[in-house]
Amino acid sequence: MRSGRSLLLSSLAALAAACGGGKSGGGAPASFNLSVTVSGGGSVTGTPATASCASGTCSSAQPSGTQVTLTASPRSGWAFGGWSGACSGTGTC
């Protein structure tokens, strides 16, 4: 591992207006936006696949109730430094 090289990943799941997403009737939003940012060498593998991100910032709309799992995959010579945002630690988010 090269010293000083770490992969930092940020995930942010924003439920569009948790109190009904601005819809009349106050029901649950039909979807939520997921944003994943890869900073450094590596990528994020997501389940469902639409949550994956190869580099930079990736966004996707996920149907309400979808369970999303994110796994960091640092490139050779890099170390995963941890999650920020809605996730924390270095394990699966």
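Structural notes, computed from the coordinates.

About the cut-offs
Residues numbered from 1 in each chain as written. Predicted model: local features only at pLDDT ≥ 70, side-chain atom pairs only at ≥ 80, totals over all residues. Heavy atoms only, no water. Helix = DSSP H or I, 4+ residues; strand = E, 2+ residues; numbered from the N terminus. Polar contact = N/O pair within 3.5 Å; in protein donor to acceptor, adjacent residues only side chain to side chain. Contact = heavy atoms within 4.5 Å. Disulfide = S-S within 2.5 Å. Buried < 20%, exposed > 50% of the residue type's maximum accessible area, 1.4 Å probe, protein only.

Regarding unusual backbone geometry
- The omega torsion of the bond from T47 to P48 falls at 5°, within 30 degrees of zero and hence cis.
- Topologically, P48 is positioned in the loop between β3 (42–47) and β4 (56–63).

Concerning the side chain of S60
- You can see S60 is positioned in strand β4.
- A polar side-chain atom of S60 sits 2.8 Å from a polar atom in the side chain of Q62.
- Not counting residues within four places of it along the chain, the set of residues in contact with S60 comprises F32, N33, L34, T50 and A51.

Digging into the state of the cysteines
- Scanning all chains against the criterion turns up two disulfides.
- The disulfide that involves C53 links it to C58, with 2.2 Å between the sulfurs. With the S-S dihedral at roughly 70°, the linkage between C53 and C58 falls on the right-handed side.
- Note on C53: relative accessible area 2%, which makes it buried.
- Classification of C58 by relative accessible area gives partly exposed; the value is 24%.
- Each sulfur in the disulfide pair C87 and C93 lies 1.5 Å from the other.
- Look at C93 and you get partly exposed, because its relative accessible area is 24%.
- Cysteine pairing for the chain, with bonded cysteines counted in sequence order: 1-2, 3-4.

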